[in-house]
Amino acid sequence: MGLREHLAEELEAARGGFHQLLDSVPESAYSHPSDNPAWTIGDVLYHLTLGPPALHFEIWMIRYLPGVYPLVMNRFVSTIFNRVNAAFTGRPKRISRQMLTQAYEKGHAGLVSRLNHMQDADFQRSVMYPPEFVSDLAGLVSIERLFHYVKGHFDVHEAEIRKRLDEILV
């Protein structure tokens, strides 16, 4: 199996896992606190829907505008991303299963499209990520690593949500 196929499987595993997780979380639990005291479970679910479209954009930037990347990502996009995340914090009534499903599917489709249009050499293109943006991605980050990050990011938040659900639904 080649890299592209492996990454496609990881993206699909994250997508399937997201839908399984979403199906297992009652909407009444969206307002319960997550492991992050500033976010509810619904906020974390919403945060997971932001990952694929954000990475889609970041991959595009690395592929086509690597010299502009530090200026744009370090100064503007991280601020916008954090504001969008914060816009839903503490407002679980704005988050619904249907909204989460639609948002994830749209982001996933964009990321799969980006994967399908990559040239083999593009996977090794890289930029420096500042530690204050996404600490798990601090340092030199390749496009390949960003595609892998989708599944890893989902796995971390899924474990957090499942832990909280075990405490809530007992």
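Details of the structure are given in the entry above.
Model, not experiment: these values are computed from the prediction.

Trainee: Can you lay out the overall build of the protein chain for me, pointing to particular residues and giving the numbers?
Mentor: Summing up its helical and strand segments, the protein chain has five helices and two strands in all. Its helices and strands taken in sequence order, the protein chain reads α-α-α-α-β-β-α from the N to the C terminus. Going through the 170 residues of the protein chain one by one, you find that 44% of them count as buried. If you take every contact in the protein chain between residues at least 6 apart in sequence, the share linking residues at least 24 apart comes to 72%. On the protein chain, roughly 8700 Å² of surface is accessible, and the fraction owed to carbon and sulfur atoms is 57%.

Trainee: Any details on the pattern of salt bridges? Residues and values, ideally.
Mentor: Tallied over the full model, the rule gives ten salt bridges. One salt bridge connects Arg4 with Asp120, and the closest N-O pair in it is separated by 2.9 Å. Here the residue Arg4 occupies a position in helix α1 (residues 3-24), and Asp120 occupies one in the loop between α4 (97-116) and β1 (126-129), the gap between them amounting to 116 residues. Given the relative accessible area of 60%, Asp120 is considered exposed. Salt-bridge contacts for Arg97 lead to Glu27; the nearest nitrogen and oxygen are separated by 4.0 Å.

Trainee: Describe the packing of aromatic side chains, and please don't skip the residues or the numbers.
Mentor: Each aromatic ring pair is characterised by the separation of its centres together with the angle its planes make. Tallied over the full model, the rule gives four aromatic pairs. With 5.8 Å between their ring centres and 45° between their planes, Trp60 and Tyr64 make a pair best called tilted. With Trp60 and Tyr64 both in helix α2 (residues 41-64) and four residues apart, the pair spans about one turn of that helix. Members of the aromatic cluster, connected to one another through ring pairs, are Phe57, Trp60 and Tyr64.

Trainee: Let's hear about the side chain of Arg164: which residues, and what values?
Mentor: Among the secondary structure elements, Arg164 is positioned in helix α5 (residues 143-168). Side-chain polar atoms of Arg164 contact the backbone oxygen of Pro33, separated by 2.9 Å. Apart from residues no more than four positions distant in its own chain, Arg164 is found in contact with Pro33, Ser34, Asp35 and Ile41.

About the criteria used
Residues numbered from 1 in each chain as written. Predicted model: local features only at pLDDT ≥ 70, side-chain atom pairs only at ≥ 80, totals over all residues. Heavy atoms only, no water. Helix = DSSP H or I, 4+ residues; strand = E, 2+ residues; numbered from the N terminus. Buried < 20%, exposed > 50% of the residue type's maximum accessible area, 1.4 Å probe, protein only. Contact = heavy atoms within 4.5 Å. Areas by Shrake-Rupley, 256 points an atom, 1.4 Å probe, with all protein chains shown as cover. Salt bridge = Lys/Arg side-chain N within 4 Å of Asp/Glu carboxyl O. Phe/Tyr/Trp six-rings, centres within 6.5 Å; stacked < 30°, edge-to-face > 60°. Polar contact = N/O pair within 3.5 Å; in protein donor to acceptor, adjacent residues only side chain to side chain.

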